[in-house]
Amino acid sequence: MSIREVMAAEDGVETMPRHESMARLTFARFLEHRMAVASAVLLFVLVVLVAAAPLFAGALGLDPNDVDLLNRFAPPSADHPLGTDELGRDVLLRLLYGGRVSLIVGLVTALIAGLIGTVIGLFAGYFGGWLDALLMRITDSVIALPLLPLLIVMAAVDLGKLGLPPDLATSPETSLYRIVLIIALVGWTTVARLVRGATLSLREREYVLAAVSQGAGSLRIMFGHILPNAISPIIVATTLSVGTIILLESVLSFLGLGIQPPIASWGNMLNNAQELIYEAPALAFYPGVLIFLTVIAFNFLGDGLQDALDPKALRR
Amino acid sequence: MTRYLIRRGLESLAVLLVMSFAIYGLMGLMPGDPIDVMVQSDPNLTPADAARLKALYGLDRPIGERYLNWLGAALEGDLGYSRLNNRPVLEVLGPRLLNTILLMGLSLAVALAIAVPVGVLSALRPYSKTDYAINFGALAGISIPVFWLALMLIVVFSVQLGWLPAGGMQTIGSEGWLDRAKYLILPVLSLSLASVGGFTRFMRAAMMESMRQDYIRTARAKGVPERRVVYKHALRNAMIPVVTILALSFGTLFSGALITETMFSYLGMGKLIYDSIMGNDYNLALVSLLFATFLVLLSNLLADICYAWLDPRVTYR
Amino acid sequence: MTAPLIEAEGITKRFEASGGLLRRSGPTVYAVNGVSFSVAPGETLALIGESGCGKTTLARTVARLYPADGGRVRFKGEDVTQARGKALKPFRRAVQMVFQDPYGALDPRLTAGAIVAEPLVIHRVGNRRSRRDRVAEMMATVGLSAAQMTRYPHEFSGGQRQRLGIARAIALDPELIVADEPVSALDVSVQSQILNLMRDLARDRGLAYLFITHDLAVVNFIADRVAVMYLGEIVELSDRDALFADPRHPYTRTLMRAVPVPGHGKRARGAGPAGEVPSPTDIPAGCPFHPRCPRAEAVCSTEKPPLEPIAGQPQRRAACHFRDEAA
């Protein structure tokens, strides 16, 4: 025993860096990406603002859905910092509450889509064979489809015909869940392909073979060993997909097929903008700018995360 | 190669078939069905009449049977009637398709005319100020909501400046290409701006990858002038993945076209799909959606063929 | 001779060489071609050969990591070649592996403690606390401290990582460890420590090893018996001392000439077998070694010599037409 301790002490001399420094290195690489840092700050501010929306509502003594027909298209004032819309509702409050909806829809949908994609990619990559062929054909087909027209059809489906009670089928809350569901249904493909690729390479690693040789089951290997090591590309792809999803939600809501009023979303605030473009161009301006800023921030954030988490990968 | 193409072709056909069933099924779930619409518009119809009509049109049959009936008729060339237009679906579709091809073709040309040189410039000076500026611009282009971009273009060029029409196809009573061109500028601008960012980023990546290859180093070592290295060797090889991505992005481009057409009241396929769905013209919606799917699948097939043709290293069995 | 712990009988493993991006398949590679051997309880069988000869594939096939394309694996007399799921559990528990790359074989996202505990978790041994104790015990056994349980693999040195791999392998008290070049990725100074550890473990715990290596010095140190592999087949199978004293296959002889082996008075004379190892996609007719063999005659290029006992030494086998000629 004593000899062994000496030996262990000997080869302990060349101890490697501790793991905290790995995380620090990743963080340092992220900080180097200035646009990503700026985006993270911007998104943080945005999240704080929309989270504080009720505080603003309280301070103004208004509700985002309060209609005030005597005060339509009011210019910015102390009562209405950004003015009012065509129904006399406060634009600032609607932007803040709409931001809640757009951000939550974006994040939740991205997470669900990421989850679907992860599971499909893991199974395809790990089991291979006919399952892989089938899943990848499905993935390729979904990628190949004209997504927006299909989303429009799915958004237009009368849920009453699927057996939902009429008042529930047309309620604004249902429109929220529906939009999350249908976008998630088509948005998982990127993650699925990435995870499959990572799984194909990871399943040949010796630590995976080691787990197999110990008798670990497929689920344990997939979720215990492969998934944790494939998490970087998943994080990057999911972050990038938030932007795409917010764009899709906004266009569907804009077309009147997404989030239904009175719930505000940045997309449906632009709903009437086209008809009102001569009267109140500013109404069309704010929501669009916010969508744009949020989406570009998520895209830069994804870029920065990619550089930080996977420095070997090609910088795009 | 031939066998590979046949296999891919059959696969695409299978996808189209599955999609036709899925879309057919979805159409059945659209709000209101044709008989209900009839009943509403004709007060003389009794519920008994409605039931009789449903039986007549086979609407009381199970979905699988109805679909097969529809498919049989469609394969014989009978794609049905458009309710909104009171004309056979195909007659409505034809001119719309041409308009969309015009819009997409022009936008693609504009987008590429910008993306290729800018992407190459970016790739030749990686991590320079120029590169960062280009990347910023490209990401901005990707992140901008197309419908909002269109809206802003209308605000600036139609409302404020009054230079260009806010929408439509041509001035009533006026003819000729010059007039049509005026109506095309804003839609083309908005659609090309929507796709130029992605192409630029892809062009940059492909060019950088190409510049890293051994034959580039060999060419340089042999003393081939840098201009020739870049434009003859590197760019040509970088175009292989770009051509592929072009064909693959047809679906995205079509989605963009739908928004653009809707925003500018441009009478193309995209607006047709949107209007037919919103107007409960499900026959038209079904066929035009399927047709769009067919076009997208075809472009994907073309991408594969191009790839095989351009890259001699790829072998097929 | 006691009943064998594990028996391989006519193991064959083929791979389809990848034919590039879009091709379905390329030529078939016979990585392992009809190999038979057995390992007795507590015995160390070294499997030696040049890189690419199929040692690793053979080991992984025998350990049921790869499905065999032909032949049988018997464990304590029971055929486990086709066993799956629950039927395979006892085998998985009794047969453990140690890998060549001590870093690659440890999941970088797990702590040392979790890595060593994993086989216990998989086989539902004990509860959380008893597993912790067991892990601490195992780490002490291989010369690591229990305090290192919370560290991640990259915080260990190469030698320490291999100790971790060994601790994981012995946690379930296995009967056989398949060790695939466990020291060849390590510094020379660390190699002997790991070899000592493994030999001590075999002695203290009655472990049997299927020990893969390309290093004759390692064979000499650890093996009871030796199987020499060439192009997917065993060409000589012998107990260690007899092999080193009197190698019968010309391939074994050239291997020994290439490497000085302490204690056996051999000195480096040549530089290993002349010529290149033929591609395993294109194995020569007759004796696979004949194109490189100094002893080859006409018969060698036409007739393949079977692996058969050497005259007067029934426990030794060689696959050579001239196996009965002493050097």
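Residues numbered from 1 in each chain as written. Chains lettered and ligands numbered in written order. Predicted model: local features only at pLDDT ≥ 70, side-chain atom pairs only at ≥ 80, totals over all residues. Heavy atoms only, no water.

On a plain count of helices and strands, chain B comes out with 13 helices and 2 strands. With the principal axes as the frame, chain B shows a C-alpha extent of 85 × 60 × 35 Å. The buried share of chain B, taken over its 317 residues, is 48%. In chain B, the share of contacts with a sequence separation of at least 24, taken over all contacts with a separation of at least 6, comes to 71%. About 15,700 Å² of surface is accessible on chain B, with carbon and sulfur atoms providing 66% of the total. Mean positive and mean negative side-chain charge positions of chain B (27 and 21 charges, respectively) differ by 16 Å. (Helix = DSSP H or I, 4+ residues; strand = E, 2+ residues; numbered from the N terminus. Buried < 20%, exposed > 50% of the residue type's maximum accessible area, 1.4 Å probe, protein only. Contact = heavy atoms within 4.5 Å. Areas by Shrake-Rupley, 256 points an atom, 1.4 Å probe, with all protein chains shown as cover. Lys, Arg positive; Asp, Glu negative; His and termini not counted. Charge placed at Lys NZ, Arg CZ, Asp CG, Glu CD.)

This part takes up the interface of chain A and chain C. Contacts between chain A and chain C engage 31 residues on the former and 43 residues on the latter. Roughly 3,100 Å² is buried in total at the junction of chain A and chain C, and carbon and sulfur atoms are behind 50% of that figure. If you look at where chain A meets chain C, you find 2 salt bridges. In this structure, the salt-bridge partner of Glu 118 of chain C is Arg 220 of chain A, at a minimum N-O distance of 2.9 Å. Between chain A and chain C we count 10 residue pairs in polar contact (both at pLDDT 80 or more) in total. The biggest single contributor to the side of chain A that touches chain C is helix 11 (residues 206-213) of chain A, with 7 residues. Taken together, the residues of the side of chain A that touches chain C sort by class into 14 nonpolar, 10 polar and 7 charged. (Buried area = accessible area lost by both parts, 1.4 Å probe. Salt bridge = Lys/Arg side-chain N within 4 Å of Asp/Glu carboxyl O. Polar contact = N/O pair within 3.5 Å; in protein donor to acceptor, adjacent residues only side chain to side chain. Nonpolar A, V, L, I, M, F, W, Y, C, P; charged D, E, K, R; others polar.)

Let us now look at the pairing of strand 12 (residues 313-318) of chain C. Residues and elements named next belong to chain C. Bridging between strand 10 (residues 233-239) and strand 12 involves 2 bridges; their strand directions are antiparallel. Looking at strand 12, one finds that Leu 237 is bridged to Arg 317. Both strand 11 (residues 308-310) and strand 12 contribute to a ladder of 3 bridges, which runs antiparallel. Of the residues in strand 12, the one forming a bridge with Pro 309 is Arg 317. Count of turn residues in the strand 11/strand 12 antiparallel hairpin: 2 residues, of which Gly 312 carries a positive phi of about 85 degrees. (Pairing = 2+ DSSP bridges.)

The next point concerns the confidence of the model for chain B. On average, residues of chain B carry a pLDDT of 82, and 92% of them reach 70 or more. Across chain B, the element-wise mean pLDDT spans from 67 in helix 2 (residues 34-41) of chain B up to 90 in helix 6 (residues 129-143) of chain B. (pLDDT = per-residue confidence, 0-100.)

All names here are of chain B. As a packed pair, helix 9 (residues 214-221) and helix 10 (residues 226-248) sit with axes 10 Å apart at the nearest point and diverge in direction by 160 degrees. As far as their axial angle goes, helix 10 and helix 9 are roughly antiparallel. The way helix 9 lies across helix 10 gives a crossing that is right-handed. Residues Tyr 215, Ile 216, Ala 219 and Arg 220 of helix 9 form the contact with helix 10, whose own contacting residues are Glu 226, Val 229, His 233, Ala 234 and Asn 237. (Axes fitted to C-alpha atoms, helices over the stretch in contact; angles between N-to-C directions. Parallel < 35°, antiparallel > 145°, perpendicular 65-115°, else oblique. Left-handed = near helix turned anticlockwise from the far one by under 90°.)

Another point: the pattern of salt bridges. Residue and element names in this part refer to chain C. Counted by the stated rule, this structure contains 34 salt bridges over all chains. For Lys 304, the salt bridge is made with Glu 233, and the minimal N-O distance between the two is 2.5 Å. Here Glu 233 lies in strand 10 and Lys 304 lies in the loop between helix 9 (250-258) and strand 11, a separation of 71 residues in the sequence. For Glu 233, a relative accessible area of 13% gives the class buried.

Let us now look at unusual backbone geometry. Phi is positive for Lys 76 of chain C, close to 50 degrees, though the residue is something other than glycine. Relative to the helices and strands, Lys 76 of chain C resides in the loop between strand 4 (70-75) and strand 5 (78-79).

For an interface, size is often stated in terms of accessible area lost upon the parts coming together. With 51 residues of chain B in contact, the opposing surface of chain A contributes 44 residues. Across the interface of chain B and chain A, roughly 4,200 Å² is buried in total on both sides, 75% from carbon and sulfur atoms. Here chain B and chain A share 2 salt bridges between them. Ionic pairing is found between Glu 11 of chain B and Arg 137 of chain A, a salt bridge with its closest N-O pair at 2.9 Å. If you look at where chain B meets chain A, you find 6 residue pairs in polar contact (both at pLDDT 80 or more). Only helix 1 (2-28), helix 6, helix 7 (146-160), helix 8 (177-211), helix 11 (250-263), helix 12 (269-278) and helix 13 (282-310) of chain B provide two or more residues apiece to the side of chain B that touches chain A.

Residues and elements named next belong to chain B. Per the domain assignment, the segments making up chain B are domain 1 (2-89) and domain 2 (90-310). Once you take the C-alpha centre of each, domain 1 and domain 2 turn out to be 33 Å apart. Surface buried jointly by domain 1 and domain 2 totals about 2,400 Å² across both partners, of which 69% is contributed by carbon and sulfur atoms. Together, Leu 16, Met 27 and Val 89 form the three largest contributors to the area buried by domain 1 at its contact with domain 2, with a combined 25%. (Domains from an automatic or database assignment.)

Turning our eyes to something else, we now look at the side chain of His 249 of chain C. Relative to the helices and strands, His 249 of chain C is located in the loop between helix 8 (240-245) and helix 9. Filtering out sequence-adjacent residues up to four positions away, His 249 of chain C remains in contact with Val 235, Glu 236, Phe 289, Ala 319 and Cys 320 of chain C.

Let us now look at the packing of aromatic side chains. In the structure shown here, the tally under the stated rule is 18 aromatic pairs over all chains. Seen in terms of ring centroids, Phe 254 of chain A and Phe 147 of chain B are 4.4 Å apart; in terms of plane orientation they differ by 20 degrees. Their pairing is stacked. Residue Phe 254 of chain A is found in helix 13 (residues 231-254), and its partner Phe 147 of chain B is found in helix 7; the two belong to separate chains. Assigned by exposure class, Phe 254 of chain A and Phe 147 of chain B land together as buried. Their ring planes at 90 degrees and their centres at 5.4 Å tell us that Phe 75 of chain C and Phe 91 of chain C sit as a pair that is edge-to-face. Of this pair, Phe 75 of chain C sits in strand 4 while Phe 91 of chain C sits in helix 2 (residues 85-94), and the two are 16 residues apart along the sequence. (Phe/Tyr/Trp six-rings, centres within 6.5 Å; stacked < 30°, edge-to-face > 60°.)

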